Amino acid sequence: MSKKELIIQKSKELFSTKGIEQTSIEDITKACKISKGAFYLSFKSKDALMLAIVDSIIREVIVHIQQLNDEEISSHERLERYCAYNFSILEQHAPLVIMYLQNQPISNDDLLAHISQFGLQIEKYVLIFLEDAYPFVPKEKVYDLAIYLNGLIKGFGEFFFNKQIPYQFADVASHIMRCLDALAQAELAVFVNAELYESNRKSPFHFKPEEMTIIELEEIERCLVLYDDHPFYKETLLVLKEELQRDEPRKALLAGMTNNLMQEKELQWLATLLKQTL
């Protein structure tokens with residue numbers, strides 16, 4: 001684990017138990033067993049640390065959804081598991097983000113931009129899951145279904161979260177799927193078309209191919225530092241770096257190596273980035 005990852009992990013633990021405002025930089029450095037100087041080499045401030053925590057949550061969620069997309073299960077079960085996972089994420093991370101927003105006297109534009117980024121990234125997967133789960137539904141109706149699904153997840157999530165009522169994620173997900181099944185089969189006019197749905201949207205996964213390659217190469221450089229003492233993964237990363245710099249990278253080679261990277265936690269984000277271009 002890198003020093004930055006250690007700081008993020010220990011900070012999340014301290015923020016959850018003591019509160020964000022009540023946790024000092026000194027508390028964090030003691031928990032990590034590092035100096036204050038070492039902390040400031042990684043993060044300029046507690047705000048910068050919080051943005052890094054949100055980034056780590058986003059990456060964790062996207063990696064999990066990519067793994068769900070790769071699983072050999074029925075499309076209906078995949079969508080139901082996606083619903084249940086949303087409630088798990090809400091329970092794990094929403095209190096921390098809400099705590100941060102409530103305790104900040106200044107603008108939270110950067111944090112809100114990160115959270116918005118998260119929503120844009122997962123929308124791509126939601127549309128794929130819906131198209132696979134409801135192949136009989138006309139493509140133009142899938143956008144309405146995506147809105148119904150997001151609304152059901154948000155509504156039930158807020159209800160149980162605000163009321164602090166214990167519930168089983170799987171039970172609520174199963175109920176949402178029954179509602180979605182009924183909506184998919186209902187003869188409803190299309191309200192939101194593709195053009196409206198896609199308007200004014202910019203996701204990190206909507207970059208041009210050359211822009212994505214730059215992002216992937218930057219992530220490879222980060223991983224090379226972490227795996228300098230691991231010959232197998234270091235060699236894999238070097239081969240990937242060389243392959244991505246070719247005029248026409250060989251997708252079959254990238255696909256095989258990407259599957260290997262998914263087995264290693266620190267390399268899962270790189271693997272997820274690569275899967276977007278395959």
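Let us look at the structure shown here. In this text the structure is predicted, and so the values were computed from the model without any measurement. (Residues numbered from 1 in each chain as written. Predicted model: local features only at pLDDT ≥ 70, side-chain atom pairs only at ≥ 80, totals over all residues. Heavy atoms only, no water.)

1. A few points about the packing of helix H11 (residues 231-244) against helix H12 (residues 251-261)
Between H11 and H12, the least distance of the axes is 11 Å, while the angle of their chain directions is 145°. Crossing geometry of H11 relative to H12 is assigned as left-handed. Contacts between H11 and H12 involve Thr236, Val239, Leu240, Glu243 and Leu244 from the first element and Leu253, Leu254, Met257 and Leu261 from the second. Split into classes, the residues belonging to the contact of H11 with H12 amount to seven nonpolar, one polar and one charged. (Axes fitted to C-alpha atoms, helices over the stretch in contact; angles between N-to-C directions. Helix = DSSP H or I, 4+ residues; strand = E, 2+ residues; numbered from the N terminus. Left-handed = near helix turned anticlockwise from the far one by under 90°. Contact = heavy atoms within 4.5 Å. Nonpolar A, V, L, I, M, F, W, Y, C, P; charged D, E, K, R; others polar.)

2. Points about the packing of aromatic side chains
Under the definition given, this model contains twelve aromatic pairs. Their ring planes at 90° and their centres at 5.8 Å tell us that Phe87 and Tyr167 sit as a pair that is edge-to-face. Separated by 80 residues along the polypeptide, Phe87 in helix H5 (residues 75-102) and Tyr167 in the loop between helix H7 (142-163) and helix H8 (169-185) bring together distant segments of the chain. No difference in accessibility class separates Phe87 from Tyr167, as the two residues are buried. Taking the centre distance of 6.0 Å and the plane angle of 85° together, the rings of Tyr134 and Phe136 count as edge-to-face. Looking at Tyr134, the relative accessible area reads 3%, which means it is buried. Put simply, the rings of Phe87, Phe159, Phe160, Tyr167 and Phe169 pair up and form one aromatic cluster. (Phe/Tyr/Trp six-rings, centres within 6.5 Å; stacked < 30°, edge-to-face > 60°. Buried < 20%, exposed > 50% of the residue type's maximum accessible area, 1.4 Å probe, protein only.)

3. Some remarks on unusual backbone geometry
A positive phi angle is found at Lys33, which is not glycine, with a value near 60°. As for its position among the elements, Lys33 is in the loop between helix H2 (25-32) and helix H3 (36-42). The exposure class assigned to Lys33 is exposed, which follows from its relative accessible area of 76%. A positive phi is found at Gln164, a non-glycine position, where the angle reads about 55°. Among the secondary structure elements, Gln164 is positioned in the loop between H7 and H8. Taking relative accessible area as the criterion, Gln164 reaches 60% and is therefore assigned exposed.

4. Let's talk about the environment of His175
As for its placement among the helices and strands, His175 is situated in helix H8. Each C-alpha atom, one on His175 and one on Glu80, is 9.3 Å from the other, the two residues being 95 residues apart in sequence.

5. A short note on the nonpolar core
Of all hydrophobic cores here, the largest spans 59 residues; its most connected members are Leu49, Leu79, Tyr82, Leu130, Tyr134 and Leu149. Sorting the residues of this core by element identifies helix H1 (3-18), H2, helix H4 (46-70), H5, helix H6 (109-133), H7, H8 and helix H13 (268-275) as the ones contributing at least two each. When residues of this core are assigned to their parent elements, the largest contribution, twelve residues, is made by H4. The contact partners of Leu149, leaving out residues within four places of it in the chain, are Leu79, Tyr82, Cys83, Val126, Leu130, Ile176 and Leu180. (Core = buried A, V, L, I, M, F, W, Y, C linked by side-chain atoms within 4.5 Å.)

6. Quick notes on H2
Residues of H2 that are buried include every one of Ile25, Ile28, Thr29 and Cys32, and no others. What you see down the axis of H2 is that its buried residues fit within an arc of 95°, all on one side. On its buried face, H2 is in contact with H1, H3 and H4. One or two residues past the end of H2 sits Lys33, with phi positive at roughly 60°. (Arc of directions from axis to C-beta.)

7. Description of the side chain of Lys141
Along the polypeptide, Lys141 turns up in the loop between H6 and H7. Of the side chains with opposite charge, Asp144 comes closest to the buried, unpaired Lys141, at an N-O distance of 7.5 Å. Of the polar contacts made by the side chain of Lys141, one reaches the backbone oxygen of Leu183; its length is 3.2 Å. In contact with Lys141, other than residues within four places in its own chain, are Leu183, Ala184, Ala186, Leu188 and Val190. (Lys, Arg positive; Asp, Glu negative; His and termini not counted. Salt bridge = Lys/Arg side-chain N within 4 Å of Asp/Glu carboxyl O. Polar contact = N/O pair within 3.5 Å; in protein donor to acceptor, adjacent residues only side chain to side chain.)

8. Here we look at the environment of Glu243
In this fold, Glu243 is placed in helix H11. For the pair Glu243 and Leu254, spaced eleven residues apart in sequence, the C-alpha to C-alpha distance is 7.9 Å. For Glu243, the residues in contact, after removing those within four places along its chain, are Pro249, Arg250, Leu253 and Leu254. For Glu243, the side chain forms a polar contact with the main-chain nitrogen of Arg250, separated by 2.7 Å.

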